[in-house]
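Examining the three-dimensional arrangement
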Amino acid sequence: MLASSRLILRTATAEDAPFIYQLYNEPSFKEHIADKNIRSLDAAKQYLCDGPFAKVAGLGLFVVETKADSRAIGVCGLIQRDELPRPDLGYALLPDAWGCGYAFEAAKCVIDSANESEILAICRPSNTKSAAVLIRLGFKVLRPITVANVTNDLYSLGTD
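Within the fold, Asp-16 resides in the loop between strand 2 (7-10) and helix 1 (17-24). You can call Asp-16 buried: its relative accessible area is 6%. With near-sequence residues (within four places) excluded, Asp-16 lies in contact with Arg-10, Thr-11, Leu-48 and Val-63.

Okay, structure coming up:
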């Protein structure tokens, strides 16, 4: 578990399946990240067990909750993609949590707790709000990269 002044980042459980189903089926998630093909609560439960929420070597996604009301608002963490040489930062929030600084706060929490000399991130060029969060965190754009047949910008943050 990680925490900031307003957020708790915790390990996902099977009880998070309805939230994961909701978040991953948001039109904005599908547009800016990907369609993960989660079409049922059972599929969401399976994704929680087998997908990037399964913690491996300190990597994986956390559920992001507000401290004020313990409401799940998003996900954030580091994952290792086959296409990338280093772990990358991933985050997504429900639209009603946008514009509150939560993405920056959750990502900063993950970065500060990471034991990595370099953290990567990918972002679709059209996702200007997410790109702004990465820049504010100190990431630099390296180059375009294709991941899962989608062109993204590759960002890097050296934490040394």
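Having seen the structure, we can now continue with the description.
Time to look at the environment of Ala-97. For Ala-97, the location among the structural elements is in the loop between strand 5 (88-93) and helix 4 (102-113). The contact partners of Ala-97, leaving out residues within four places of it in the chain, are Ile-73 and Tyr-102.

Evaluation of the coordinates by the stated rule reveals four aromatic pairs. One aromatic cluster is present, built from ring pairs that chain together Tyr-24, Phe-29, Tyr-47 and Phe-53. It is Arg-136 that lies over the ring of Phe-104; its NZ or CZ is 3.8 Å from the centre.

Once that is clear, we can look at helix 1. Where helix 1 is concerned, the buried positions are Ala-17, Phe-19, Ile-20, Leu-23 and Tyr-24. One side of helix 1 carries all its buried residues, which in axial view fall inside an arc of 160 degrees. Of the surrounding secondary structure, the elements contacted by the buried residues of helix 1 are helix 2 (27-32), helix 3 (41-50), strand 3 (60-66), strand 4 (72-79) and strand 5.

Quick notes on the rules
- Residues numbered from 1 in each chain as written.
- Predicted model: local features only at pLDDT ≥ 70, side-chain atom pairs only at ≥ 80, totals over all residues.
- Heavy atoms only, no water.
- Helix = DSSP H or I, 4+ residues; strand = E, 2+ residues; numbered from the N terminus.
- Buried < 20%, exposed > 50% of the residue type's maximum accessible area, 1.4 Å probe, protein only.
- Contact = heavy atoms within 4.5 Å.
- Phe/Tyr/Trp six-rings, centres within 6.5 Å; stacked < 30°, edge-to-face > 60°.
- Lys NZ or Arg CZ within 6 Å of the ring centre and 35° of its normal.
- Arc of directions from axis to C-beta.

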